[in-house]
Amino acid sequence: MSGVPVFDPKADSTLSDEELASLKERYASFNAAEEIPRIVQETFGTPVLSWQSLEESANAFDHLVYAADIEKERKRLPLVVRINASRAPDEMFPVETEIYGLLGAQGIAAPTVYASRLRASDRTYDYMVMKRIGSTSLESLLAKDASLDKEYARKAGAYLAQLHTIPLPGFGMIGEGLHGVHDTWSEALRIRLPETLAYLVEQQLLSEDVCHTIEHLFTHEEPSLARGVLLHGDFHPANIIIDEPNRKIAGAVDLSQAKVGDPLFDIAFYATYVSEERLSAFLEGYGRTPTDEDQDLLALYSLRIYLSKAKLRKRFGYEERIPAALAGIERALGVLG
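Residues numbered from 1 in each chain as written. Predicted model: local features only at pLDDT ≥ 70, side-chain atom pairs only at ≥ 80, totals over all residues. Heavy atoms only, no water.

Peer 1: It is not clear to me how the overall build of the protein should be interpreted in this structure. Could you clarify?
Peer 2: Assigned secondary structure in the protein consists of 12 helices and 13 strands. A compact globule built from 337 residues would reach a C-alpha radius of gyration of about 20 Å, and the protein, at 20 Å, matches this within 12%. When burial is assessed residue by residue, the protein has 53% of its 337 residues classed as buried. In the protein, the share of contacts with a sequence separation of at least 24, taken over all contacts with a separation of at least 6, comes to 70%. For the protein, the accessible area works out to roughly 15300 Å², and carbon and sulfur atoms hold 48% of it. Positive and negative charge centroids in the protein, built from 35 and 51 side chains respectively, lie 7 Å apart. (Helix = DSSP H or I, 4+ residues; strand = E, 2+ residues; numbered from the N terminus. Rg over C-alpha atoms; globule rule 2.2 N^0.38 Å. Buried < 20%, exposed > 50% of the residue type's maximum accessible area, 1.4 Å probe, protein only. Contact = heavy atoms within 4.5 Å. Areas by Shrake-Rupley, 256 points an atom, 1.4 Å probe, with all protein chains shown as cover. Lys, Arg positive; Asp, Glu negative; His and termini not counted. Charge placed at Lys NZ, Arg CZ, Asp CG, Glu CD.)

What follows is the structure in structure tokens.
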């Protein structure tokens, strides 16, 4: 994978502030009425029956997402079309396609990818066309019926445990050939850390003393990992898709932050979105009771994740959400002593 190394593309974006600010304009200028039918015709050789926008955002590497339907073999085929309209091609599109194929080959629920194409001379955007799976996200399901919380937390844990059975070479962000781009897991965790800490000090969100403590933790107590496994990298309720009629997980989408590393990292990431009660049910489904050593690693990974969240929220002006990230940093430092 070329370009500037990234720890977490959603939070530690390599894009400049100017590019981030321009994304909304670039996405707003995307002519979906013309391009969605064109993409469908290019992929299937058939006209689109209907389409609608599912999500529009410009947070770092987020994409435009559309639902579309076509007729195939006299049946309606539901699709998702993802668009990357930033200045640079999204090199994770072909990587995500490989990962979804690998999951399917391992018998793990995942969407089929029908096309994944980077921009060309006649097209200024990248696109991915996938089968639309399930009926809703776990986030949306729980918003309607919170009583299902623990049941689906267990199922989400069991699903993630399946994904973590897949070993891959290297560490950190995944490049072509499904190989982590770093030589060690510790190196992957430290990518962009000094820049993030400097930014948080500059914005007066953390003191220099606290940042020196954090630098010491990542320098002198770095985790040693001989071999990593496939990590989702962005595993949380909005990315977990539910098959409501069959009460099961249909898959986990958005692999744009997929990594090779310690499975505890994915657990720590999920924990930043849920209550302790839901995390306990999740761990039951996952089949792992954290040891004392695990708790230290979970705290270290949580610290790294919350640092990125604090930076992201400040850059995008989510002022009301910054205190929660700072509280997460404080909790993690409390565990780590």
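Peer 1: Looking at this structure, how should I read the side chain of S302?
Peer 2: Among the structural elements, S302 can be located in helix 11 (residues 292-315). Here L298 takes part through its backbone oxygen, which lies 2.8 Å from a polar atom of the side chain of S302. (Polar contact = N/O pair within 3.5 Å; in protein donor to acceptor, adjacent residues only side chain to side chain.)

Peer 1: What should I look at first to understand the sheet that holds strand 13 (residues 259-261) in this one?
Peer 2: Strands pair in a sheet through their backbones, by hydrogen bonds, and they do so in one of two ways: parallel or antiparallel. If you walk across this open sheet you meet the 5 strands as 7-10-13-8-9, and the pairing is antiparallel. Strands at the two margins of the open sheet, each flanked by one partner only, are strand 7 (167-168) and strand 9 (179-182). The pairing of strand 7 with strand 10 (residues 228-231) spans 2 bridges and is classified as antiparallel. Note on strand 10: the bridge partner recorded for L168 is G228. Contacting strand 7, strand 8 (171-175) and strand 10, helix 3 (residues 92-105) runs over the sheet at an angle of about 100 degrees to strand 8. (Pairing = 2+ DSSP bridges. Axes fitted to C-alpha atoms, helices over the stretch in contact; angles between N-to-C directions.)

Peer 1: I tried to follow the packing of helix 11 against helix 12 (residues 322-336) on my own but got confused; where do I start?
Peer 2: The axes of two packed helices give the description: the angle between them and the distance between them. Where helix 11 contacts helix 12, the two axes come as close as 8 Å, and the packing angle between them is 155 degrees. Put simply, helix 11 runs roughly antiparallel to helix 12. The two elements helix 11 and helix 12 cross, and the hand of that crossing is left-handed. For the pair formed by helix 11 and helix 12, the contact residues are Q295, D296, A299, L300, L303, Y306, L307, K309, A310, R313 and K314 on the first element and I322, A324, A325, L326, G328, I329, R331, A332, L333, V335 and L336 on the second. Tallied by class, the residues present in the contact of helix 11 with helix 12 amount to 15 nonpolar, 2 polar and 5 charged. (Parallel < 35°, antiparallel > 145°, perpendicular 65-115°, else oblique. Left-handed = near helix turned anticlockwise from the far one by under 90°. Nonpolar A, V, L, I, M, F, W, Y, C, P; charged D, E, K, R; others polar.)

Peer 1: Hey, could you run me through the packing of aromatic side chains in this one?
Peer 2: The geometry of an aromatic ring pair is captured by the separation of the ring centres together with the interplanar angle, meaning the angle of the planes. According to the stated counting rule, one finds 15 aromatic pairs in the structure shown. Summarising the aromatic geometry, the rings of W51 and Y66 are spaced 5.9 Å apart at their centres and angled 75 degrees between planes, so their arrangement reads as edge-to-face. With W51 in strand 1 (residues 50-55) and Y66 in strand 2 (residues 64-72), the pair connects residues that are 15 residues apart, well separated along the chain. Here W51 falls in the partly exposed class, since its relative accessible area comes to 33%. Overall, the relative accessible area of 3% leaves Y66 in the buried class. (Phe/Tyr/Trp six-rings, centres within 6.5 Å; stacked < 30°, edge-to-face > 60°.)

Peer 1: What is the right way to read helix 11 from this model?
Peer 2: Along an α-helix, residues three or four positions apart point the same way, because every turn accommodates 3.6 residues. Between its terminal C-alpha atoms helix 11 stretches 35 Å, which fits the 34 Å expected from 24 residues at 1.5 Å a residue. Counting buried positions along helix 11 yields 18 of 24 residues, so the element is predominantly enclosed. Within two residues after helix 11, G317 carries a phi angle of roughly 75 degrees, on the positive side. (Expected span 1.5 Å × (residues − 1).)

Peer 1: Sorry, what's going on with the sheet that holds strand 12 (residues 248-252) here?
Peer 2: One open sheet holds the 3 strands; their spatial order is 6-11-12, and the pairing between them is antiparallel. Two strands lie at the open edges of the sheet, namely strand 6 (136-137) and strand 12, each paired on one side alone. As paired strands, strand 11 (residues 240-243) and strand 12 are joined by 4 bridges and run antiparallel to one another. The partner of I240 across the bridge, within strand 12, is A252. Lying on the sheet, helix 5 (residues 149-163) is in contact with strand 11 and strand 12; it crosses strand 12 at an angle near 50 degrees.

Peer 1: Looking at this model, I keep getting lost on the pattern of salt bridges. Mind explaining?
Peer 2: Side-chain pairs of opposite charge can arise where the charged atoms are in close proximity. Taken as a whole and judged by the stated rule, the model has 19 salt bridges. Residue E35 is joined to R38 by a salt bridge in which the shortest nitrogen-to-oxygen separation is 3.2 Å. Here R38 and E35 lie together in helix 2 (residues 32-44), a separation of 3 residues that amounts to about one turn. Residue E35 is classed as buried on the basis of its relative accessible area, which comes to 10%. Between E284 and R154 there is a salt bridge, with its nearest N and O atoms 3.0 Å apart. Within this pair, whereas E284 is found in helix 10 (residues 276-286), its partner R154 is found in helix 5, the two being separated by 130 residues in sequence. Overall, the relative accessible area of 51% leaves E284 in the exposed class. Looking at R154, the relative accessible area reads 34%, which means it is partly exposed. Here the salt bridges share partners, and the residues they tie into one network are E35, R38 and D122. (Salt bridge = Lys/Arg side-chain N within 4 Å of Asp/Glu carboxyl O.)

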